Amino acid sequence: MKKLFKTFLLAAISIALISCSSNEVKIQNIDFNKGWQFSKGEITEAIQPNFDDSTWETVNVPHDWSIQGPFSKENPSFSRGGWLPTGKCTYRKTFNVAANSKENKVFVYFDGAYRNSTVYINGQKVGFRPLGYIGFEYDLTKFINFEGENVLTVTINNSSQPGSRWYSGTGIYRDVTLKIRNKTYVPNWSLYVTTPKISKEKAIINAKFDILTEFDNSKNITVKTSILKNDVLITSKEQNVVISSKEKKEIAVNLEVENPELWSPDSPNLYNVKVQLFEGEKLIGEESTRTGIRELAYNKDTGFSINGVQTKLKGVCLHHDGGPLGAAIYKRTIVRQLEILREMGCNAVRTAHNPFSTEFLDACDEMGFLVMNEMFDEWEVVKNPATTQNGKKIRIPVDFYAKQFKEWADKDLTDFVLRDRNHPSVIMWSIGNEIDQMKTDEGIPIANRLIEIVHNLDYRPVTNGLIGYGWDAWPSDAAAATSDIKGFNYIKENGLEREEKLFPDAMGIVTECASAQSFYPRGTYLYNDQKKAWWDKLNYESDEAFKWVETRGIIGEDGMEAWKAVKKRPSVMGQFIWTGWDYLGEVIPFGWPARSSSFAPIDLCGFPKDGYYFYQSQWTTEPMVHIFPHWNLEGMEGKEVTVFGFTNGDEVELFQDGKSLGKQTNNVNGVEYQQWKVIYKPGTLKAVASKNGKEVASKVVKTAGNPAKIELFVRRTSLNADGEDLSYIECTVLDAEGTIVPTADNLINFEVKGEATLIGVGNGDNMNQDSFQASNRKAFNGKCLAIIKTNEIAGDIEFSATSEGLKGVTVELITKK
């Protein structure tokens, strides 16, 4: 395959409801998320349709029962799984299918069920899928009772633990859809859209898809393929097709779009490609895909370009969980994550290290994010990841996917690419992360097989995030060369120099690197005896974890060096920091009681840490300046403290109580930070950033008084009354003058009235083991979070936050149909 890839128009498949007269069958997608019966444990008789599940819990999906806790050292998920429970569970859903659907097909689609899911319809097994991150569809038709009730049963087995290197969740944690189709139809994922030619004047769109008929006689079908934008028809073509009995026929259609509006990170314009099937005048089927027109290019000298614009990937690795909601997240969870990352300057995401939900990629399509879409964390060798116990580093193997790889990898990878290849946000595929077999030539035939699967299904390049570069323990050069784009995990300056010297014609990207962030929790600054007291509370027997944390320091210089090496090299396409957002599990370098990670510049609740502003200073052009630590450093009076600054201005001046402590320059073309030695005393710090001699930004940090009131921040006050929309309500503790109290730990009580329900709380403290399902939360370093979910009735919502001794606050929201 050539090393230069161009011109793709890609999309996310959706299906419209088709109206029809009363004596016709509707071809439709039915939201199957609501009204499931749920029970923990294995109940073998539950697969029988007449089983009585009336005493079971009624739940809606997405659903993750592990997140309900409790946290316990006895839970076998151990620290990698966030000390949360796992095991077996069963779901059942009773439903009817209209009698006039007898001549149609009935499918069920799951976007993900974790893990080892087995699906039964009316007591008949229709499928098993071990990988919990993959989407799958089953044909239910021959077992459907069209004259009465049907029972869909799903069993889950996530009992073998530790079962992952990070928190996975347990249950049907993504969307479920029941699909009714004519027996002549476009099969799932067969619609594939590309653009073989793009110019300012026009784009040629190629739509390929299969048509399958399961009737006993041939069918004469009229196929209409249309391009729409904002529901307005742009162009269309019709063709007549004769399909023989039981035949599947591939159709290819070229359409022209005049003056196309291109998809890019700055302008994520989307079109729709719609395929309609007619038998005579009767509409019998319809599939559509949302799509973006854009040209991608990859070059060893200039890196990555989109629509002719060289674009450095300022990326983050993400895991799939939603913090306090566990794995059962909603689209609003994803959109909020991306909004906060975009404000940091991020433009790209690596889906570490598994398929994400369709909703995630939909959101990236809509918001203009670029995606490295990753499939595997293990191949044939079980991983033995590091963790800490009593402060000492140990290794514990995980029972994740290696045992299933030989049997399932080709199928899973194929389905992964088929499902996701129409998303304009996806710019490359990744077939692995830190795969042990890639350390030697043993990985070559496996990598080649997987890459061939991807190349046969799609034109975008393949990478593979390889380990070893950061420790001068290079992976096999021959194995690394199998990828279209080399993926470097934790590579340093000397590694990039080596690659440039030995492989001058190879393309490369930093698939993973350290972030510019301290391991300590958000807003935690420890000096002298304070640091010893903090660690003493953890009661670790070994100081190994302490040394590990201290190597990162207060500002994460290794993350800064990683960006410096990428920024100065046009040939390196970009980087993906580990991670963009803290996640549940993988608590290293800490151990118990930590239950979530601490690598990221954003904590588990979405509150920025100091490292967030380093990336903002490097990745954004909006004038900014940030200084830290906070200025409530009790016990440090009269002692020297280092004040750090980040800015995208070219000069910063720091003032203490109105007196200048000096100016420092900032090379905006380089990677720098500023620091001042300051004698601490309560008062005010002010940083003023300038550019070309003109003030462009300032930041004030004051010593706060005692906690006095609560402030609420809500990004959206108008919500959808669909039972799935969320509002994230951020709570901040202020003093009487309105200054954030950066050490406040007040218990905040939440109350929701009206058409919403409180579904999660948090505060970003990775050591806090209080339940995420509660009506209150202690502030951590001045902040906490409440998450509410709408009901299905339009109306008003009133959210209140109160705390003893503080002035409470209420915010009003509204839901609409």
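Residues numbered from 1 in each chain as written. Predicted model: local features only at pLDDT ≥ 70, side-chain atom pairs only at ≥ 80, totals over all residues. Heavy atoms only, no water.

Within the chain, the secondary structure is distributed over 10 helices and 48 strands. Taken over C-alpha atoms, the radius of gyration comes to 27 Å for the chain, in line with the 28 Å a tight globule of 817 residues would show. Along the three orthogonal principal directions, the C-alpha set of the chain runs to about 90 × 65 × 50 Å. Taken over 817 residues, the chain has a buried fraction of 62%. Carbon and sulfur atoms make up 46% of the accessible area of the chain, which totals about 31000 Å². Measuring between centres, the 94 positive side-chain charges of the chain sit 2 Å from its 106 negative side-chain charges. (Helix = DSSP H or I, 4+ residues; strand = E, 2+ residues; numbered from the N terminus. Rg over C-alpha atoms; globule rule 2.2 N^0.38 Å. Buried < 20%, exposed > 50% of the residue type's maximum accessible area, 1.4 Å probe, protein only. Areas by Shrake-Rupley, 256 points an atom, 1.4 Å probe, with all protein chains shown as cover. Lys, Arg positive; Asp, Glu negative; His and termini not counted. Charge placed at Lys NZ, Arg CZ, Asp CG, Glu CD.)

Moving on to the sheet that holds strand β6 (residues 104-110). Spatial ordering of the open sheet is given by β2-β11-β6-β9, a layout of 4 strands whose pairing is antiparallel. Since the sheet does not close on itself, it has two edges, and those belong to β2 (28-31) and β9 (136-139), each with one partner. Neighbour-to-neighbour, the strand axes of this sheet turn through a mean angle of 25°, independent of strand direction. (Pairing = 2+ DSSP bridges. Axes fitted to C-alpha atoms, helices over the stretch in contact; angles between N-to-C directions.)

Now for the pattern of salt bridges. Note on pairing: side chains with opposite charge can pair once their charged atoms come close. Taken as a whole, this structure holds 52 salt bridges when the rule is applied. Lys300 is the salt-bridge partner of Asp505, the closest N and O atoms lying 4.0 Å from each other. Of this pair, Asp505 sits in the loop between α6 (493-502) and β31 (508-514) while Lys300 sits in the loop between β20 (296-299) and β21 (303-306); the two residues are 205 residues apart in sequence, bridging distant segments of the chain. Using a relative accessible area of 60% as the deciding quantity, one classes Asp505 as exposed. (Salt bridge = Lys/Arg side-chain N within 4 Å of Asp/Glu carboxyl O.)

Turning next to the packing of helix α3 (residues 402-420) against helix α4 (residues 443-457). Put simply, α3 and α4 touch, their axes get as near as 9 Å, and they point 30° apart. One way to sum up the angle between α3 and α4 is to call them roughly parallel. Crossing hand, α3 versus α4: right-handed. Contacts between α3 and α4 involve Phe405, Ala409, Asp410, Leu413, Thr414, Val417 and Leu418 from the first element and Ile446, Arg449, Leu450, Ile453, Val454 and Leu457 from the second. For the contact of α3 with α4, a count of residues per class yields 10 nonpolar, 1 polar and 2 charged. (Parallel < 35°, antiparallel > 145°, perpendicular 65-115°, else oblique. Left-handed = near helix turned anticlockwise from the far one by under 90°. Contact = heavy atoms within 4.5 Å. Nonpolar A, V, L, I, M, F, W, Y, C, P; charged D, E, K, R; others polar.)

Turning next to the sheet that holds β20. Taken in spatial order, the 3 strands line up as β20-β21-β22 in an open sheet, and their pairing is antiparallel. The open sheet has two edge strands, β20 and β22 (309-310), and neither has a second partner. Judged from the 4 bridges that link them, β20 and β21 form a sheet pairing that is antiparallel. Note on β21: the bridge partner recorded for Leu296 is Ile306.

Counting buried residues along strand β44 (residues 756-762), 5 of its 7 residues qualify, which places the element largely inside the surrounding structure. The pairing of β44 with strand β46 (residues 783-790) spans 6 bridges and is antiparallel. Each bridged residue has a counterpart across the sheet, and for Ala756 the counterpart in β46 is Thr790.

Further remarks concern the environment of Gln389. With respect to the helices, strands and loops of the structure, Gln389 is situated in strand β26 (residues 386-389). On the basis of relative accessibility, which here comes to 40%, the residue Gln389 falls in the partly exposed class. Along the chain, Gln389 and Thr184 lie 205 residues apart, while their C-alpha atoms are 59 Å from each other. Sequence-distant contacts of Gln389, defined by excluding residues within four places in its chain, comprise Phe78 and Ile394.

Of the positions making up helix α7 (residues 529-538), those classed as buried are Trp534, Trp535 and Leu538. Buried residues of α7 fall within an arc of 90° about the axis and therefore sit on the same side. Exposed side chains of α7 directed beyond 90 degrees from the buried face belong to Asp529, Lys532 and Lys537. For α7, the elements touching its buried residues are α8 (544-552). Positive phi shows up at Asn539, right after α7, with a value of about 60°. (Arc of directions from axis to C-beta.)

A word on the environment of Val273. Tracing the sequence through the fold places Val273 in strand β18 (residues 271-279). Its relative accessible area of 0% is what places Val273 among the buried residues. The contact partners of Val273, leaving out residues within four places of it in the chain, are Leu191, Val193, Ile205, Ala207, Thr225, Ser226, Ile227, Glu287, Ser288, Thr289 and Thr291.

Attention now moves to the packing of aromatic side chains. Per the counting criterion, the structure on display carries 48 aromatic pairs. Both rings, one in Phe71 and one in Phe772, keep their centres 5.9 Å apart while their planes meet at 75°; by these two values the pair is edge-to-face. Here the residue Phe71 occupies a position in the loop between β4 (57-59) and β5 (88-96), and Phe772 occupies one in the loop between β44 and β45 (776-778), the gap between them amounting to 701 residues. A ring pair is formed by Phe628 and Phe646, whose centres lie 5.6 Å apart and whose planes are at 45°; its orientation type is tilted. Taken as a pair, Phe628 in strand β33 (residues 625-628) and Phe646 in strand β34 (residues 640-647) lie far apart in primary sequence, 18 residues in all. (Phe/Tyr/Trp six-rings, centres within 6.5 Å; stacked < 30°, edge-to-face > 60°.)

On average, residues of the chain carry a pLDDT of 94, and 97% of them reach 70 or more. Within the model, pLDDT remains below 50 along residues 1-23, and this stretch shows 95 contacts once partners closer than five positions in the same chain are excluded. (pLDDT = per-residue confidence, 0-100.)

A few words on the pairing of β5. Of the pairings in the sheet, the one linking strand β3 (residues 36-40) to β5 comprises 4 bridges and is antiparallel in character. Each bridged residue has a counterpart across the sheet, and for Lys40 the counterpart in β5 is Cys89. As defined by bridge partners, β5 adjoins strand β10 (residues 149-157) across 9 bridges and the pair is classed as antiparallel. Within the sheet, the bridge partner assigned to Cys89 lies in β10 and is Ile156.

Structurally, Asn648 is set in the loop between β34 and β35 (651-656). Distance in space between the C-alpha atoms of Asn648 and Ser690 is 8.9 Å, their sequence separation being 42 residues. In contact with Asn648, not counting residues within four places along its chain, are Gln616, Ser617, Thr620, Thr621, Glu622, Pro623, Met624, Asn666, Val668 and Lys691. Within polar-contact distance, the side chain of Asn648 engages the backbone oxygen of Thr620 at 3.2 Å. From its side chain, Asn648 meets the backbone oxygen of Glu622 in a polar contact 2.9 Å long. (Polar contact = N/O pair within 3.5 Å; in protein donor to acceptor, adjacent residues only side chain to side chain.)

What follows is about the side chain of Asp365. With respect to the helices and strands, Asp365 occurs in helix α2 (residues 358-367). A distance of 2.6 Å separates polar atoms of two side chains, one belonging to Asp365 and the other to His423.

This paragraph deals with α3. Taking 1.5 Å of rise per residue, the 19 residues of α3 would be expected to cover 27 Å, yet its terminal C-alpha atoms sit only 23 Å apart, more than 12% below that figure. Along α3, the sharpest kink reaches roughly 75°, centred on Trp408. In the core, the buried residues of α3 are packed alongside β6, β8 (124-129), α2, β25 (370-374), β28 (426-433) and α4. (Expected span 1.5 Å × (residues − 1). Bend = angle between axes of the 7 residues up to and from the residue.)

Let us now look at unusual backbone geometry. With an omega dihedral of -20°, the bond running from Tyr114 to Arg115 counts as a cis peptide bond. Structurally, Arg115 can be placed in the loop between β6 and β7 (117-121). In the segment running from Phe628 into Pro629, the intervening peptide bond is cis, with an omega of 15°. Of note, Pro629 is situated in the loop between β33 and β34.

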